[in-house]
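# Commentary on secondary and tertiary structure
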Amino acid sequence: MTKTLIMFRGLLCASLMVGPVPDHVYGQLFGLELHKTVMPASGGMPGASIARPQENISAINGNPASLTKLRGTQFTFGSGWLEATHNLDYQGPVPGLSPFSGKSGWTGSAPANIGVSQELSAFGLPVVSGLSLNAIAGAGAEFRAQAGSNGATLGLSVLHARSSTSVLLTDKFSIGTGVAIGTASLD
């Protein structure tokens, strides 16, 4: 009885400390999930998309073992808008540049993600295999309009392809693995 009363008081105090409900809630991807920022569902599921991906692209890239939850043939195409705001106040001593200050004129990009997965149980195998082609990063900064910048521009793009396979061992346990190859360009 005493433990229940202490827990109740603790919950009551914690609920009184909660502030007003915010008008907007934002999620931010982090660490290992950074490559899934423009996946169709994962972009809005910070952290949770590793444990329970909602579509085949996120399963192929984040948790191949979860592919066994997908039935039949799945095809997904998705994209997101990436646009960063870069404000630069440059005062450094680099030859060819004069001090300048301004906002980047780089326009955003819409990198595409394509994924296909196929359940192979029709062949008597509890296996699901998937392939994805992803643009996992695309950003840049451009300061050509600022006097003194000498046309300073920087662009980054990262593309990769991944193949993953999952095997259902029991009704509640599956294992998965994946192989990826990628290319990056920094211009």
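Residues numbered from 1 in each chain as written. Predicted model: local features only at pLDDT ≥ 70, side-chain atom pairs only at ≥ 80, totals over all residues. Heavy atoms only, no water.

The next thing to look at is the sheet that holds strand β6 (residues 153-170). Spatial strand order, β1-β4-β5-β6-β7: five strands in an open sheet with antiparallel pairing. The sheet is open, and its two borders are formed by β1 (73-79) and β7 (173-186), each paired with just one other strand. Going from strand to strand, the sheet's axes swing by 10° on average, the running direction of each strand aside. Pairing between strand β4 (residues 112-119) and strand β5 (residues 127-142): seven bridges, direction antiparallel. The residue bridging V116 from the neighbouring strand is L131, located in β5. (Pairing = 2+ DSSP bridges. Helix = DSSP H or I, 4+ residues; strand = E, 2+ residues; numbered from the N terminus. Axes fitted to C-alpha atoms, helices over the stretch in contact; angles between N-to-C directions.)

Let us now look at the pairing of β5. For β5 and β6, the ladder comprises 15 bridges, and the chain directions are antiparallel. Residue pairing in the sheet places G130 in a bridge with S164 of β6.

Formed by A59, I60, L67, L70 and V128, the largest nonpolar core amounts to five residues. For L70, the residues in contact, after removing those within four places along its chain, are N56, S117, E119 and V128. (Core = buried A, V, L, I, M, F, W, Y, C linked by side-chain atoms within 4.5 Å. Buried < 20%, exposed > 50% of the residue type's maximum accessible area, 1.4 Å probe, protein only. Contact = heavy atoms within 4.5 Å.)

On to the pattern of salt bridges. Enumeration according to the criterion identifies two salt bridges in this entry. Note that E119 is salt-bridged to R71, the shortest N-O span being 3.3 Å. Residue E119 is located in strand β4, and its partner R71 is located in the loop between α3 (56-62) and β1; the two are separated by 48 residues in the primary sequence. Residue classification places E119 among the buried residues on the basis of a relative accessible area of 17%. (Salt bridge = Lys/Arg side-chain N within 4 Å of Asp/Glu carboxyl O.)

As a further point, take unusual backbone geometry. Unusually for a residue other than glycine, N150 sits at a positive phi of about 55°. Looking at where N150 falls in the secondary structure, it is placed in the loop between β5 and β6.

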